[in-house]
Amino acid sequence: MGGFFIIFLLSSNYSRILILFILSTHSGGHDATAILSKDHKILAAIQLERLTRKKNDGGRFPHEAVDEVLSIAKIKRKDVDVLLLSKVNYPAHFFIHWPFIKKIEYKMRRLLGAVRYKEIAGEQNRTNIRDIKKLFNSFKYAKSLGFSNVKDVFFYNHHLGHSLSALFHTKWHDALIYTADGAGDFVNYSARVLRDGKLIDIYGTDDDIFKPREISSIALAYGFATEAIGFRMNRHEGKLTGLAAFGKPKIYDDISKHFYINEEGKILSDFESNIQMKNEIFRLSKKTSPENVASSIQKVLEDKILDSIQFLLKKYKVKNLGLAGGAFANVRLNKILCEKTKIKEIFIFPGMGDEGIGVGGIYEYLLNKIGIKGWLDKRYKLNNVYFGNSYDEEIRNIVSKDKNLYCFGGNPEKSSAVLLSNGFIGAIYEGRMEFGPRALGARSIIASPKKNSINKSLNERLQRTEFMPFAPYVMENDASDVFEINDSNKYACKFMTITTNVKDKWIKKIPAVVHVDKTARPQIVSRKENKLYFDILDNFKKITGLPVLVNTSFNAHEEPIINKPNEAINALKNKRIDFLVTNFGIIVIDENKIKFKKVLAPID
């Protein structure tokens, strides 16, 4: 079934490569992922955590995620044409540059069940070997995983992966593409400019693998601040963003003075090591309250990245801004960048963390094959990120056999709206699961935004921190009436990657989705992309006059977003939610059916 075909278009100055199946993986310490594409189109993508139920799962080859995306496409490992890998840790016995005595040592370790791992980027740095084929037996490794027919194995660059995941899903002719995270392939930031049909590297390329590591990551500093006030690094940074609005930047100057912008527009610091950075942030954090720590590090993040990006925009005179990397999971930062730079359009790839680099890895591979002209022509804007599996039939079968459940058929869109308007909390389980950190209507908890009390109730049910704001979703025709949405941020608002100000006339009417700073993180929805999600809101608006609903991810605290039907049913039985809405009806606990029948009686 698999195959590798190249079609040369003689009428063009470039060749177009058509690859039946490209499998891209990331096996890093967190957010391991598998993505399957055909040609330039993503067929399936999923984070390992959704299958293992371990939050941010990673640090190994994501076998379960690989099998999941292949099953969605109905193919086997032998059908994969190209395997893409990130430059992280792999079994040492596949490296081919070791002295003979080392090879014997690693073989003995493997026989004893103690496999040792080495990082590709780290070994490149240590050995100064640029050609990975001289460093690592890629095909032998691929075949050990069952990819018996691969024609190519390619290691993509971490920050270029971030960059291209954003750029490919735009139609821009000029742009600054900027990435920032804790670190990847020895790099903390990258900057590239698209102009005159060329993609120009400014900094953050493979060359940096062979340079001394820079101690400059503000995203890492943000992680240290997260840890300093008692949260978990690489997991709870979003809590700091919410908490920051309650504090004052009391230690801003003490942190900010360590970071500066160089002549390239890159953020650097005077820290000699990441340990020194951590120790200083921990020391400063003891001087003030957690909310002031959050406010301080948030302002440092905003100011330094804004300074860097404004420097580059002024120098290269481009009008659009593409962002990716873990730093841009910070929706408040994205708002500041959009407003203060006054760019024409901003776009943040929805899988902005390390789960998304494999998407960009696909586009890096294809860019190398077809060249920039053909690559730019193949771009398209994202309509949705429903790249996971669909279990619509499975959940229907489970419900029909479970005597502890009751299903209201008929009109689930209208019935859901009635229940929501009466203060009940529901969840949508419909179609293919979302890719990335945000729930976007396939695995979402929904509720009325009318009362602040819903926040306390829902937080208690989900065991979440009380200061975390909930996000709203809004129909596209209502979006600019409720929120400060315009041409520059509208595309980003499709994927909940940016906050906006809430219009004054709505602040008191929808308090459950308005943060203390009078902002919200809206998702703009269209009926074409998710009929059930859209129609529930449409009916809710007709009943209440309110044009938004609460949308928060369908998971309890410290759990990945729900994936399979039994997880959704268990959430219902554990009273995380009052009802579950699917495309075939509304599911409730059987013992509660009388109560719900009374509420729904007017529409029966």
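Residues numbered from 1 in each chain as written. Predicted model: local features only at pLDDT ≥ 70, side-chain atom pairs only at ≥ 80, totals over all residues. Heavy atoms only, no water.

Colleague: Looking at this structure, how should I read the packing of helix H8 (residues 237-244) against helix H11 (residues 290-316)?
Modeller: Two packed helices can be described by the angle between their axes and the distance between those axes. It is at 8 Å that the axes of H8 and H11 come closest, and there the two elements cross at 100°. It follows that H8 is roughly perpendicular to H11 by the angle criterion. Of H11, the residues touching H8 (which contributes Leu240, Thr241, Leu243 and Ala244) are Pro290, Glu291, Ala294, Ser295, Ile297 and Gln298. Classifying every residue of the contact of H8 with H11 by side-chain character gives six nonpolar, three polar and one charged. (Axes fitted to C-alpha atoms, helices over the stretch in contact; angles between N-to-C directions. Helix = DSSP H or I, 4+ residues; strand = E, 2+ residues; numbered from the N terminus. Parallel < 35°, antiparallel > 145°, perpendicular 65-115°, else oblique. Contact = heavy atoms within 4.5 Å. Nonpolar A, V, L, I, M, F, W, Y, C, P; charged D, E, K, R; others polar.)

Colleague: Would you explain the confidence of the model for the protein in this entry?
Modeller: Reading predicted coordinates in detail is not appropriate for stretches of low pLDDT. Of the residues in the protein, 96% have a pLDDT of 70 or more, and the chain-wide mean is 93. Confidence over residues 1-16 falls short of pLDDT 50; this stretch has 36 contacts with residues more than four positions distant or in other chains. (pLDDT = per-residue confidence, 0-100.)

Colleague: Explanation requested: the sheet that holds strand E26 (residues 548-553) in the structure shown.
Modeller: Strand pairing in a sheet relies on backbone hydrogen bonds, with the paired strands running either antiparallel or parallel. Strand order in the open sheet formed by eight strands is E18-E28-E27-E19-E21-E26-E22-E25, with mixed pairing between adjacent strands. Each end of this open sheet is capped by a strand with a single partner; those strands are strand E18 (405-408) and strand E25 (523-525). Strand-to-strand twist in this sheet, taken as the mean axis angle between neighbours without regard to direction, amounts to 30°. Note: strand E27 (residues 579-582) against strand E28 (residues 585-589), three bridges, orientation antiparallel. Looking at the pairing, Thr582 lines up with Gly585 of E28. Against the sheet, helix H15 (residues 412-421) contacts strand E19 (426-429), strand E21 (443-447), E26, E27 and E28, and its axis sits at roughly 155° relative to E27. Across the face of the sheet, helix H22 (residues 593-600) comes into contact with E18 and E28 while running at roughly 15° to E18. (Pairing = 2+ DSSP bridges.)

Colleague: How do you make sense of the pattern of salt bridges when you look at a structure like this?
Modeller: Oppositely charged side chains are able to pair whenever their charged atoms sit close together. This model, assessed by the stated rule, comprises 32 salt bridges. When the shortest N-O distance is used, the salt bridge between Asp402 and Lys573 registers 2.7 Å. Placement of the pair is Asp402 in the loop between helix H14 (392-401) and E18 and Lys573 in helix H21 (residues 565-573), with a sequence separation of 171 residues. The exposure class of Asp402 is buried, given its relative accessible area of 16%. For Lys573, a relative accessible area of 34% corresponds to the partly exposed category. (Salt bridge = Lys/Arg side-chain N within 4 Å of Asp/Glu carboxyl O. Buried < 20%, exposed > 50% of the residue type's maximum accessible area, 1.4 Å probe, protein only.)

Colleague: What am I meant to see in helix H6 (residues 158-167) here?
Modeller: Along an α-helix, a turn takes 3.6 residues, which lines up residues three or four apart on a common side. In terms of residue burial, H6 counts as a mostly covered element, since ten of its ten residues are buried. The residue sitting at the N-terminus of H6 and contributing the capping side-chain oxygen is Asn157; that oxygen lies 3.0 Å from the backbone nitrogen of His159. (Polar contact = N/O pair within 3.5 Å; in protein donor to acceptor, adjacent residues only side chain to side chain.)

Colleague: Whenever I open this one, the sheet that holds strand E9 (residues 152-156) confuses me. Can you help?
Modeller: One open sheet accounts for five strands, arranged E5-E4-E3-E6-E9; its pairing is mixed. Edge positions in the open sheet fall to strand E5 (41-47) and E9, since each of these has one partner strand only. Taking the axes of each pair of neighbouring strands and ignoring which way they run, one obtains an average angle of 15° across the sheet. The sheet contact formed by strand E3 (residues 22-26) and strand E6 (residues 82-86) spans three bridges and is parallel. Each residue of the ladder has a partner; that of Ile22, found in E6, is Val82. Of the strands in this sheet, E3, strand E4 (33-38), E5, E6 and E9 touch helix H13 (residues 357-377), which is tilted by about 115° from E9.

Colleague: Mind showing me how you'd approach the environment of Ile275 here?
Modeller: Mapped onto the secondary structure, Ile275 falls in helix H10 (residues 274-285). Classification of Ile275 as exposed rests on a relative accessible area of 61%.

Colleague: Can you walk me through the packing of aromatic side chains in this structure?
Modeller: Each pair of aromatic rings is reported with the distance of its centres and the angle of its planes. Across all of its chains, the model carries 22 aromatic pairs by this definition. Look at Phe95 and Phe136: their rings are 5.0 Å apart centre to centre, the planes differ by 75°, and that puts the pair in the edge-to-face class. Within this pair, whereas Phe95 is found in the loop between strand E7 (89-91) and helix H3 (100-111), its partner Phe136 is found in the loop between helix H4 (120-127) and helix H5 (138-144), the two being separated by 41 residues in sequence. We note that Phe95, like Phe136, is buried. With a centroid separation of 6.3 Å and 45° between ring planes, the pair formed by Phe387 and Phe435 is classed as tilted. Taken together, the residues Phe387 in strand E17 (residues 386-390) and Phe435 in the loop between strand E20 (432-434) and E21 connect sequence positions 48 residues apart. Feature note: the residues Tyr90, Phe94, Phe95, Phe136, Tyr141 and Phe155 constitute an aromatic cluster, connected by ring pairs. Between Arg130 and the ring centre of Phe210, over which it is positioned, the NZ or CZ distance is 4.2 Å. (Phe/Tyr/Trp six-rings, centres within 6.5 Å; stacked < 30°, edge-to-face > 60°. Lys NZ or Arg CZ within 6 Å of the ring centre and 35° of its normal.)

Colleague: Help me understand the environment of Val153, please; the structure alone is not making it clear to me.
Modeller: One can find Val153 in strand E9. Given the relative accessible area of 8%, Val153 is considered buried. C-alpha of Val153 to C-alpha of Val193: the two residues are 40 residues apart in sequence and 28 Å apart in space. With residues near it in sequence (within four places) discarded, Val153 still touches Leu83, Leu85, Ser138, Phe139 and Ala142.

Colleague: I'm lost on the pairing of E19 in this one. Help?
Modeller: Two faces belong to every sheet, and in a regular strand the side chains alternate between them. The side-chain alternation of E19 yields two buried faces, one formed by Gly426 and Ile428 and the other by Ala427 and Tyr429. In terms of strand pairing, E19 meets E21 through four bridges, oriented antiparallel. Counted as the bridge partner of Ile428 is Ser444 from E21. Pairing geometry for E19 and E27, over three bridges, is parallel. Looking at E27, one finds that Gly426 is bridged to Phe579.

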